[in-house]
Protein chains: 2
Amino acid sequence: MNSLTEENYLKALFNLAIENGEVSVNELSKHLQIKMPTVTSMMKKLAEKKLVSYESYKPLRLTEKGRREAALVIRKHRLTEMFLVEKMGFGWEQVHEIAEQIEHIHSPEFFEKMDELLGFPRFDPHGSPIPDKTGKMEWLHYSKLSDCKIGDTVRLAAVTHTSEDFLKFLNARELKLGLKIKIKTIESFDGSMLVSYGKHSSEHLSGLVCERLLVEKE
Amino acid sequence: MNSLTEENYLKALFNLAIENGEVSVNELSKHLQIKMPTVTSMMKKLAEKKLVSYESYKPLRLTEKGRREAALVIRKHRLTEMFLVEKMGFGWEQVHEIAEQIEHIHSPEFFEKMDELLGFPRFDPHGSPIPDKTGKMEWLHYSKLSDCKIGDTVRLAAVTHTSEDFLKFLNARELKLGLKIKIKTIESFDGSMLVSYGKHSSEHLSGLVCERLLVEKE
DNA sequence: TATTTGTATTAGTTTAATCTAACAAATATA
DNA sequence: TATATTTGTTAGATTAAACTAATACAAATA
């Protein structure tokens, strides 16, 4: 059984490793806001438990076991977010912090029941896929809005950041998952865009925002 | 903000102090399965925080602040148990362990929402009163079944133990809250009873079981 | 009252998870 | 290539929460 702390390290490794599977001590340290020596010693501990493959001065990598256990924590997080939104009436901007705590509850039955009541959802309220009970997660083929071209019409499929502030910003502009968005102009120097969607015929989105929106091309 | 550990000490003090308000280090130590020196040092810490009044070799007592904070943890526990039973379909024998973990979640909104969805319940699935947001709890005037006389007809109002084993035992005999129970005979040497209720015209209940059932006299 | 028994405290150790300071290795730059 | 910068590790300290062993106090009993 992993401690709450260990679960947080595994989760962070999983999320940071999306690209190439490798994570540096420095990255992990910054992401968790924990100093590097602490991270190094935790990596040794997780390596002992066969959850991380660790060699001095080499990049970190989850083992298959580590990846599975991380995915199961993420499963609990995402099921919780979905439950909070669908069954308890929370907004998608309110659920991250609560799920951050509930993901550490040790009770398979509790999460099984959520899954069942939700009808075995495949995605959470932010569009992220929910890993299955064995830790397998279906892979997304979404693009960043920032990688699209002028004239593209795309469907908003997911957001990569789930902080309250960012989601309130999207709420204020009625930007919801599933929306069709048309790209009118792109400012090449800062990556900002002018887009239209729903009743909004002309909204300006900064480059940062465009980076955080994942879309499906038609 | 109290730690999970501190919350568990407060809760234990609250529950043990039901009788006269005083608790010994020894009692608390046994209840929590933590050795006495550890308890002593935690009491000093909680006294520093003005949650417990502590003097060497004197009985322990929660301060008003301590009582309020303990009641709020118990509120979270009982709301959770009610939510698990009423909204998620768990049996009353399954909820204690899960609530034991969820009671430590720090999110007023989460428990407010539960309360609202449940319609502001006053009792949990085991018949225990749910403290209000200010930490006030209505006081029960129930009797133990073991204190009743032959011929009494009583209503089962609450159980004082919530372990899975004990509640499964009650389930197996279809003993549920609200039932009318008639006492047919009492064995004075062991306190066991022969009772009738619902479709059960003659069930034998041990003295221990009778001690754990709280009833309302008609 | 003296002694035994049970209860509580003190002192010192352990483990998990954090930190800072100092040093070492790897990478980037002049 | 030599040096500077960034990244990573080692060593040692700190805090919370637990422990054991030894000691002190309080209550019960002879």
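Throughout what follows, the structure given in this document is the object of discussion. (Residues numbered from 1 in each chain as written. Chains lettered and ligands numbered in written order. Predicted model: local features only at pLDDT ≥ 70, side-chain atom pairs only at ≥ 80, totals over all residues. Heavy atoms only, no water.)

## As for the packing of aromatic side chains
Consideration 1: Under the counting rule described, the total for this entry stands at 3 aromatic pairs over all chains.
Consideration 2: Between F83 of chain A and F83 of chain B, the ring centres sit 6.3 Å apart and the planes meet at 80 degrees, which makes this aromatic pair edge-to-face. Pair noted here: F83 of chain A is in helix α4 (residues 64–86) and F83 of chain B is in helix α4 (residues 64–86), and the two residues belong to different chains. The same class applies to F83 of chain A and to F83 of chain B, which are both buried.
Consideration 3: Ring centres 5.1 Å apart and planes at 70 degrees place the aromatic pair F110 of chain A and F111 of chain A in the edge-to-face group.
Consideration 4: In this structure F110 of chain A comes out as buried when scored by relative accessible area, which is 4%.
Consideration 5: Judged by relative accessible area, F111 of chain A falls into the buried class, the value being 4%.
Consideration 6: A cation over an aromatic ring shows up here: R212 of chain B above the ring of F166 of chain B, its NZ or CZ 5.1 Å from the ring centre. (Phe/Tyr/Trp six-rings, centres within 6.5 Å; stacked < 30°, edge-to-face > 60°. Helix = DSSP H or I, 4+ residues; strand = E, 2+ residues; numbered from the N terminus. Buried < 20%, exposed > 50% of the residue type's maximum accessible area, 1.4 Å probe, protein only. Lys NZ or Arg CZ within 6 Å of the ring centre and 35° of its normal.)

## Focus on unusual backbone geometry
All names here are of chain B.
Consideration 1: A positive phi angle, close to 55 degrees, is found at F120, a residue other than glycine.
Consideration 2: Tracing the sequence through the fold places F120 in the loop between α6 (108–117) and β3 (143–144).
Consideration 3: Positioned with a positive phi, E174 is a non-glycine residue whose angle comes to about 55 degrees.
Consideration 4: Since its relative accessible area comes to 42%, E174 is described here as partly exposed.

## Some words on a nonpolar patch on the surface
Residues and elements named next belong to chain A.
Consideration 1: A cluster of nonpolar residues, I18, W139 and L140, forms a patch on the protein surface that exposes about 290 Å² of accessible area.
Consideration 2: Looking at the element boundaries, L140 is found in the loop between α6 (108–117) and β3 (143–144).
Consideration 3: A relative accessible area of 31% means that L140 is categorised as partly exposed. (Patch = residues over 30% accessible without salt bridge, like charges linked within 9 Å, V, L, I, M, F, W, Y side chains within 5 Å. Areas by Shrake-Rupley, 256 points an atom, 1.4 Å probe, with all protein chains shown as cover. Salt bridge = Lys/Arg side-chain N within 4 Å of Asp/Glu carboxyl O.)

## A look at the pairing of strand β6 (residues 193–197) of chain A
Residues and elements named next belong to chain A.
Consideration 1: Among the 5 residues of β6, 4 are classified as buried, and the element is accordingly described as predominantly covered.
Consideration 2: Taken together, the 4 bridges between β6 and strand β7 (residues 200–205) define a ladder with antiparallel strand orientation. In the strand pairing of β7, L194 is matched with H204.
Consideration 3: With antiparallel pairing between neighbouring strands as the criterion, β6 and β7 make up a hairpin whose turn holds 2 residues, including G198 at a positive phi of roughly 45 degrees. (Pairing = 2+ DSSP bridges.)

## Considerations on the protein's contact with DNA strand C
Consideration 1: The environment of DNA strand C is made up of 21 residues, and the closest members are S3 and K45 of chain A together with T40, K44 and Y54 of chain B.
Consideration 2: When the atoms of DNA strand C within 4 Å of the protein are sorted by group, sugar and phosphate make up 76%.
Consideration 3: Interatomic distance of 2.7 Å between a side-chain N/O atom of S3 of chain A and a phosphate oxygen of DNA strand C.
Consideration 4: A distance of 3.5 Å separates a sugar or linking oxygen of DNA strand C from a polar atom in the side chain of Y57 of chain A.
Consideration 5: Going through the elements one at a time, α1 (4–16) and α3 (36–48) of chain A together with α2 (25–32) and α3 (36–48) of chain B are the ones with two or more residues in the surface near DNA strand C. (Near = heavy atom within 4 Å. Polar contact = N/O pair within 3.5 Å; in protein donor to acceptor, adjacent residues only side chain to side chain.)

## Considering the nonpolar core
Consideration 1: Counting 31 residues, the largest nonpolar core has M88, I102 and F110 of chain A together with M88, I102 and F110 of chain B as its most contacted members.
Consideration 2: Of all the secondary-structure elements, those providing two or more residues to this core are α4, α5 (95–102) and α6 of chain A together with α4, α5 (95–102) and α6 of chain B.
Consideration 3: Here the element with the most residues in this core is α4 of chain A; it accounts for 5 residues.
Consideration 4: The contacts of F110 of chain A, once residues within four sequence positions are left out, are I102 and I105 of chain A together with L84, M88, F90, I98 and I102 of chain B. (Core = buried A, V, L, I, M, F, W, Y, C linked by side-chain atoms within 4.5 Å. Contact = heavy atoms within 4.5 Å.)

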